[in-house]
Protein chains: 14
Amino acid sequence: MSELSLVALVSILTAGLTVAIGSFGAALGEGRAAAAAMGAIAQQPDAAPMLSRTLFVSLAMVESSGIYCFVVALILIFANPFWNAVSASVGG
Amino acid sequence: MSELSLVALVSILTAGLTVAIGSFGAALGEGRAAAAAMGAIAQQPDAAPMLSRTLFVSLAMVESSGIYCFVVALILIFANPFWNAVSASVGG
Amino acid sequence: MSELSLVALVSILTAGLTVAIGSFGAALGEGRAAAAAMGAIAQQPDAAPMLSRTLFVSLAMVESSGIYCFVVALILIFANPFWNAVSASVGG
Amino acid sequence: MSELSLVALVSILTAGLTVAIGSFGAALGEGRAAAAAMGAIAQQPDAAPMLSRTLFVSLAMVESSGIYCFVVALILIFANPFWNAVSASVGG
Amino acid sequence: MSELSLVALVSILTAGLTVAIGSFGAALGEGRAAAAAMGAIAQQPDAAPMLSRTLFVSLAMVESSGIYCFVVALILIFANPFWNAVSASVGG
Amino acid sequence: MSELSLVALVSILTAGLTVAIGSFGAALGEGRAAAAAMGAIAQQPDAAPMLSRTLFVSLAMVESSGIYCFVVALILIFANPFWNAVSASVGG
Amino acid sequence: MSELSLVALVSILTAGLTVAIGSFGAALGEGRAAAAAMGAIAQQPDAAPMLSRTLFVSLAMVESSGIYCFVVALILIFANPFWNAVSASVGG
Amino acid sequence: MSELSLVALVSILTAGLTVAIGSFGAALGEGRAAAAAMGAIAQQPDAAPMLSRTLFVSLAMVESSGIYCFVVALILIFANPFWNAVSASVGG
Amino acid sequence: MSELSLVALVSILTAGLTVAIGSFGAALGEGRAAAAAMGAIAQQPDAAPMLSRTLFVSLAMVESSGIYCFVVALILIFANPFWNAVSASVGG
Amino acid sequence: MSELSLVALVSILTAGLTVAIGSFGAALGEGRAAAAAMGAIAQQPDAAPMLSRTLFVSLAMVESSGIYCFVVALILIFANPFWNAVSASVGG
Amino acid sequence: MSELSLVALVSILTAGLTVAIGSFGAALGEGRAAAAAMGAIAQQPDAAPMLSRTLFVSLAMVESSGIYCFVVALILIFANPFWNAVSASVGG
Amino acid sequence: MSELSLVALVSILTAGLTVAIGSFGAALGEGRAAAAAMGAIAQQPDAAPMLSRTLFVSLAMVESSGIYCFVVALILIFANPFWNAVSASVGG
Amino acid sequence: MSELSLVALVSILTAGLTVAIGSFGAALGEGRAAAAAMGAIAQQPDAAPMLSRTLFVSLAMVESSGIYCFVVALILIFANPFWNAVSASVGG
Amino acid sequence: MSELSLVALVSILTAGLTVAIGSFGAALGEGRAAAAAMGAIAQQPDAAPMLSRTLFVSLAMVESSGIYCFVVALILIFANPFWNAVSASVGG
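Residues numbered from 1 in each chain as written. Chains lettered and ligands numbered in written order. Predicted model: local features only at pLDDT ≥ 70, side-chain atom pairs only at ≥ 80, totals over all residues. Heavy atoms only, no water.

### Re the overall build of chain A
From N to C terminus, chain A includes 3 helices and 0 strands. Reading chain A from its N end, one meets helices and strands in the order α-α-α. Relative to its length of 92 residues, chain A is extended, with a C-alpha radius of gyration of 20 Å against a globular reference of 12 Å. For chain A, the C-alpha atoms occupy an extent of roughly 70 × 15 × 10 Å along the three principal directions. The buried share of chain A, reckoned over its 92 residues, is 65%. When contacts within chain A are restricted to residue pairs at least 6 apart in sequence, those whose partners lie at least 24 apart make up 79%. Put simply, chain A shows about 2800 Å² of open surface, and 70% of that area lies on carbon and sulfur atoms. (Helix = DSSP H or I, 4+ residues; strand = E, 2+ residues; numbered from the N terminus. Rg over C-alpha atoms; globule rule 2.2 N^0.38 Å. Buried < 20%, exposed > 50% of the residue type's maximum accessible area, 1.4 Å probe, protein only. Contact = heavy atoms within 4.5 Å. Areas by Shrake-Rupley, 256 points an atom, 1.4 Å probe, with all protein chains shown as cover.)

### Focus on the interface of chain D and chain B
Taken residue by residue, the interface counts 41 residues in chain D and 42 residues in chain B. A buried area of about 3600 Å², summed over both sides, lies between chain D and chain B, and 82% of it is on carbon and sulfur atoms. When residues of chain D are sorted by the area they lose upon contact with chain B, Met-61, Tyr-68 and Phe-82 of chain D head the list and together hold 18% of the total. Counting the contacts that link chain D with chain B gives 0 salt bridges. Inspection of the chain D/chain B interface yields 5 residue pairs in polar contact (both at pLDDT 80 or more). Counting residues per element, the ones that place at least two in the side of chain D that touches chain B are helix H1 (2-43), helix H2 (48-78) and helix H3 (81-91) of chain D. No other element matches the 19 residues that H1 of chain D contributes to the side of chain D that touches chain B. (Buried area = accessible area lost by both parts, 1.4 Å probe. Salt bridge = Lys/Arg side-chain N within 4 Å of Asp/Glu carboxyl O. Polar contact = N/O pair within 3.5 Å; in protein donor to acceptor, adjacent residues only side chain to side chain.)

### Brief notes about the packing of helix H2 (residues 48-78) of chain J against helix H2 (residues 48-78) of chain L
Taken N-terminus to C-terminus, the directions of H2 of chain J and H2 of chain L make an angle of 0°; their axes are 11 Å apart at the nearest point. The angle between H2 of chain J and H2 of chain L places the two elements in the roughly parallel class. Each of Ala-48, Ser-52, Leu-55, Phe-56, Leu-59, Ala-60, Glu-63, Ile-67, Phe-70, Ile-77 and Phe-78 of chain J in H2 of chain J lies in contact with H2 of chain L, whose residues at this interface are Met-50, Thr-54, Val-57, Ser-58, Met-61, Ser-64, Ser-65, Tyr-68, Val-72, Ile-75 and Leu-76 of chain L. (Axes fitted to C-alpha atoms, helices over the stretch in contact; angles between N-to-C directions. Parallel < 35°, antiparallel > 145°, perpendicular 65-115°, else oblique.)

### A short note on the layout of surface pockets
By volume, the largest pocket amounts to about 640 Å³. Lining of the largest pocket is provided by 34 residues; of these, Leu-28 and Arg-32 of chain F, Arg-32 of chain H, Arg-32 of chain J together with Arg-32 of chain L occupy positions nearest its centre. Residue contributions to the lining of the largest pocket peak at 4 residues, all from helix H1 (residues 2-43) of chain H. Among the residues forming the lining of the largest pocket, the class breakdown is 12 nonpolar, 11 polar and 11 charged. If you go around the second largest pocket, the residues you meet are Arg-32 of chain C, Leu-28, Gly-29 and Arg-32 of chain E, Leu-28, Gly-29 and Arg-32 of chain G, Leu-28, Gly-29 and Arg-32 of chain I together with Leu-28 of chain K. Among the secondary structure elements, those contributing two or more residues to the lining of the second largest pocket are helix H1 (2-43) of chain E, helix H1 (2-43) of chain G together with helix H1 (2-43) of chain I. (1 Å grid on protein atoms, 1.4 Å probe; cavity = no way out; pocket = protein on both sides within 12 Å on 5 of 7 lines; lining within 4 Å. Points joined across faces, edges and corners; volume = space filled by probe spheres on them. Nonpolar A, V, L, I, M, F, W, Y, C, P; charged D, E, K, R; others polar.)

### Side note on the state of the cysteines
If you walk through the whole model with that rule in mind, you get 0 disulfides over all chains. Left without a disulfide partner, Cys-69 of chain A is nearest to the cysteine sulfur of Cys-69 of chain C, which lies 9.5 Å away. (Disulfide = S-S within 2.5 Å.)

### Notes on the packing of aromatic side chains
With the rule as written, the count across this model stands at 42 aromatic pairs over all chains. A centroid spacing of 5.8 Å and a plane angle of 10° characterise the contact between Phe-24 of chain D and Phe-24 of chain F, whose relative ring orientation is stacked. Here Phe-24 of chain D is found in helix H1, whereas its partner Phe-24 of chain F is found in helix H1 (residues 2-43) on a different chain. For the pair formed by Phe-24 of chain D and Phe-24 of chain F, the shared burial category is buried. Taking the centre distance of 4.9 Å and the plane angle of 80° together, the rings of Trp-83 of chain F and Phe-82 of chain H count as edge-to-face. Of this pair, Trp-83 of chain F sits in helix H3 (residues 81-91) while Phe-82 of chain H sits in helix H3 (residues 81-91), which puts the two residues in different chains. (Phe/Tyr/Trp six-rings, centres within 6.5 Å; stacked < 30°, edge-to-face > 60°.)

### Here's the deal with the environment of Ser-52 of chain E
Examined against the element boundaries, Ser-52 of chain E turns out to sit in helix H2 (residues 48-78). Separated by 18 residues in sequence, Ser-52 of chain E and Ala-34 of chain E have C-alpha atoms that sit 9.5 Å apart.

### Some remarks on the UniProt feature "transmembrane region" (unreviewed entry) in chain A
Residues annotated by UniProt as "transmembrane region" (unreviewed entry) correspond here to residues 55-79 of chain A. Structurally, residues 55-79 of chain A comprises 96% helix and 0% strand, and the distance from its first C-alpha atom to its last is 34 Å. (UniProt positions renumbered as here; feature names shortened; annotations may be inferred.)

### Observations concerning the arrangement of the chains
As for chain J relative to chain E, no contact occurs, and the smallest C-alpha gap between them is 31 Å. For the non-touching pair chain I and chain J, the nearest C-alpha separation works out to 27 Å.

### Let's talk about the interface of chain A and chain B
Counting residues at the interface gives 42 residues for chain A and 41 residues for chain B. When the two sides are added together, the surface that chain A and chain B hide from each other amounts to roughly 3600 Å², 82% of it contributed by carbon and sulfur. Between chain A and chain B we count 0 salt bridges in total. Where chain A touches chain B, the interface holds 5 residue pairs in polar contact (both at pLDDT 80 or more). For the side of chain A that touches chain B, the elements supplying multiple residues, two or more each, are helix H1 (2-43) and helix H2 (48-78) of chain A.

### Quick look at the packing of H2 of chain E against H1 of chain G
Their axes nearest at 9 Å, the elements H2 of chain E and H1 of chain G cross at an angle of 175°. Considering their axes alone, H2 of chain E and H1 of chain G lie roughly antiparallel with respect to each other. Facing Met-50, Leu-51, Thr-54, Leu-55, Ser-58, Met-61, Val-62, Ser-65, Tyr-68, Cys-69, Val-72 and Leu-76 of chain E of H2 of chain E, the residues of H1 of chain G in contact are Ile-12, Gly-16, Val-19, Ala-20, Ser-23, Ala-27, Glu-30, Gly-31, Ala-34, Met-38 and Ile-41 of chain G.

### Some points on the side chain of Asn-80 of chain I
You can see Asn-80 of chain I is positioned in the loop between helix H2 (48-78) and helix H3 (81-91). Residue contacts for Asn-80 of chain I: discarding those within four places in its chain leaves Phe-82 of chain G, Ser-11 and Ile-75 of chain I together with Ile-12 of chain K.

### Things to note about helix H1 (residues 2-43) of chain J
For an α-helix, 3.6 residues make a turn, and residues three or four places apart therefore share a direction. Over its 42 residues, H1 of chain J runs 62 Å from end to end, which matches the ideal 62 Å to within 8%, given 1.5 Å per residue. Of all 42 residues in H1 of chain J, 33 are buried; the element is thus mostly enclosed. (Expected span 1.5 Å × (residues − 1).)

### A word on the environment of Tyr-68 of chain G
As for its placement among the helices and strands, Tyr-68 of chain G is situated in helix H2 (residues 48-78). Separated by 46 residues in the primary sequence, Tyr-68 of chain G and Gly-22 of chain G have C-alpha atoms spaced 8.1 Å apart. Those residues in contact with Tyr-68 of chain G that lie beyond four places of it in its chain are Val-19, Ser-23, Glu-63, Ile-67 and Phe-70 of chain I.

### Some thoughts on the side chain of Thr-54 of chain K
Locating Thr-54 of chain K in the fold gives a position in helix H2 (residues 48-78). The buried category is assigned to Thr-54 of chain K, whose relative accessible area is 5%. Those residues in contact with Thr-54 of chain K, other than ones at most four positions away along the chain, are Met-38, Ile-41 and Leu-55 of chain M.

### Regarding H2 of chain A
For H2 of chain A, with 31 residues, the first-to-last C-alpha span of 42 Å sits near the 45 Å given by 1.5 Å per residue. At Ser-65 of chain A, H2 of chain A is deflected by roughly 25°, the largest bend along its length. (Bend = angle between axes of the 7 residues up to and from the residue.)

### Overview of the confidence of the model for chain A
Within chain A, residue pLDDT values average 89, and 96% of them lie at 70 or more. In the predicted complex, the global pTM is 0.89; the interface-specific ipTM is 0.86. (pLDDT = per-residue confidence, 0-100.)

### Focus on the environment of Pro-81 of chain N
Structurally, Pro-81 of chain N is set in helix H3 (residues 81-91). Distance from Pro-81 of chain N to Glu-63 of chain N, taken between C-alpha atoms, is 26 Å for residues 18 residues apart in sequence. Contacts of Pro-81 of chain N, omitting those with residues within four sequence positions, involve Ile-77 and Phe-78 of chain L.

Laid out in structure tokens, this is it:
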């Protein structure tokens, strides 16, 4: 049965690192975009509504790449095809 | 029973690293956004309410990516499907 | 059957790292582009529509390289030719 | 009994690294925010109350991500579910 | 048959890392180019058409180097000559 | 008895690294905040009292994350629950 | 026959890393050159034709170094003299 | 007796690294604060007494985090509870 | 015959890394030079011919160091004296 | 006797690395402080005596953290309690 | 005969890394010098001849350090005294 | 006698790395201080004597931390207490 | 005879890395000095002779540290005392 | 006799790395100092003699730390006390 738990170990480790690295990048990118947005609002207060819209679209785009990682991590934890295949072959 | 504890070891290690790396990135991104917000308020005090709103929305977005990691870490510690599967197969 | 699970392990690990690294880069690049876009809108509000169009095209380009990684990761998880070949040869 | 102490070793190591990395990031982020706050107060002394409020909210947000790590570390040291499960199975 | 799966393992790992690293670089380069383009449009709105053309040509060039990696990764996954050779020699 | 000393080794190593990394980050963050405070006092001497208060609050916040690490290190050295558990099970 | 597949493994790994690292550098260099070109066009629109020519020559030069890597990778995958020699000696 | 010397080895290594990393960070932070202090005195000589006081308080704060590491290192060398416990159990 | 393939493995790996690292550096250097050239043309359009000449000479110099690596890589792949010597001694 | 020399090996290695890393940080910090002091004197020659005093106090503070490492290194070389304990237990 | 091929392996690896690292540095240094030269020509077109001379002398100096590496690499490949000595002792 | 040479190996390695790392830091710190000194003299030639004095004191301070490493390296090479102890115990 | 070739292996590897790292540093330092020289000539053409002299002296100084490495590498390849000693002891 | 050659191996490796790292730092430091000197001469040609003197003294100081490494490397190669001791004990 050692194979089944090996798949478990690697899935756990990979899920954690994937979401960690992806969130790291997303946090840096969002921080940068938000910082620029606030500098821009301070420089041109009249454009604030336009800038907020642009900021939120951009944050959504950046967040999306962090969410890819989150999705992959959850797939690896909760819907891992390899886990199913291996446990099936073990159960058989 | 060694497999069960192997899963435990890897889950512990992964949970810790995941929340550590994710918080690291979130802290850097929030620090940057907050720094820019204060610079902006100092430059354009009249826009302070607008800027605070933008800052808090942005901090929430950045925090969210740190929270993904926290969630994954807690899932790994308290609701680890692999742990359940392996301990079930061991208990059987 | 150990080979089959070895392929599984490596596919899991690779899928996770691929999407993690690719999203990391995409997040940084999008953050930078979005930051510049907001600085530009603040400096030249009249060009805002032009700038938004340019920003969204650029974000799409950058996102595309993050999506290559996402695609490769999903191929490795759900349509992995090596997995099929090896499990076929095992099943035979 | 070796498994029990293995879980102990990994929990100790992970708890330490988690709080170390998380505090590292929190310290950098808070230092940056505080530095910007003081620059802003010097540039716009009249906005000092507003700026202090913003600073303290931001420091609290940043601190929170350091605290996630502290919480996870303490969970790993004092309320480690895997430790309980493994020591139970050992005691049985 | 172990050799066949070894080739599979290394091909999977290499394909993932190749597209990950290549997309990382492409994302950074495109982010930088797009950021500069938006700064330029803001500074010289009259040159916007010229600038957009230059931007899209440049993004295409940068994307091309990310696509080399994508191509190599797909070759390694779907048209891997070594895989064919080794599986032929194994099948013989 | 080898397990007991293994726990000792890992606790020693982890305690040292934890306080080292945590102090490293705290020192950098405090240095940055203090540097900004002095620049701000030089630019706006009249706000010196306000700035000192802000500086000391910020230094305390930053120091606190260094202190989390110090606390965890001391817990690991002087009040290590795993050490107690393992030495009890050994003494039994 | 293990040698033949060893050569295959190393060729696969090297081809992937070569094109990945080379494309990474090319993408950074092209991004920088393109960014400067757009800044220059914005500053001196009259020199745009001259600047475009210079940009495309430079992009070609930079791309060429990425292409060296692509060439070496394809040589390693499709025209690998060592593979031929070793498989010949194996076939003999 | 091998365990006793293992504890000695790890304590020596940890003590050295702890004080080294901690002093490294403290030196960087103090250098930065002192540099800013001198720039501030040059810019605002009249605030020199105020600035010196702020500098010395800040240096003390930064130094303190270096001293945490020094303290932990000396505890590990001269008052190491694990060493005492292990040597007691060995002596028994 | 294992030695012959060992030489092959190391030659393949070295050739790939050599051209990869060398192209990486060349791409960065050329990107920087080209970026400066375009900034210079924008600032001093009258000196464009002089600047182009200088740029192309410099790109050639930088490219040359990338070409050294390409040459060494091709020597290692196609004219490897060690390979010849070892295969001769094996053939003897 | 192997343990005694193991302690010797680790003490030598640790002493060297400790003083090396500590001096590295001290040198960087002092260089930065001295650079700022000279810039300050050039900007405000009348404050030179004040600045020299501040510089020398700061250099002493920074040097002190390098000296902690030097002290620990000398303790490890010339007054190593573990060495004495282990050699005593060996001599006994 | 294994020694002879070991020398071959290490010589191949070292030759490649040497020329790769050396070319990397040379490319960066030349790129920087060329970038500065073009900025200088743009700022002071009358000094162009003087600047070109200085640039070419400097590029030659920088190139020379890349050439040292190239020379050492070729010595290791084509005139390796250790190879001769070892193959002589083997041939004897 | 293997222990004696082990101590020799580690002492050689440590001495070299210690002086290398220490000199690296000292060289960077001195270069920075000297660069600032020359900028200061150019800005304020009348303060040149004062600045030279400050520079030489600072260089001496920085050099001192490089010299600590040199001293430790020479102690390890020429007056290594562990070497004497171990060779005595061996000679006995 | 294995020792003789071991010395050969390590000498080859060390010679290559030594000259590679040394040339890398020299190339960076020379590039920086040359870049500054050209900026200086452009700013002050009348001082060009003085600046060229200073540049060439500085390049010679920087080159000298690259040459130390080249010398050590050649000593290790062509006049290696350990090689002679070991081969003598082997020949005896 | 294996010990004698082990000492030789480690001495060769350490000598090379020591001079390489030391020269690397010295080259960077000298390049920075020389760059600043030329900027200073361009800004204040009348102070050129003073600046050259300061530059040469500083280069000598920086070079000295590179020379420490060179000295230690030559000691390790040509006057290595451990080598003498070990070869004596071997010869005995």
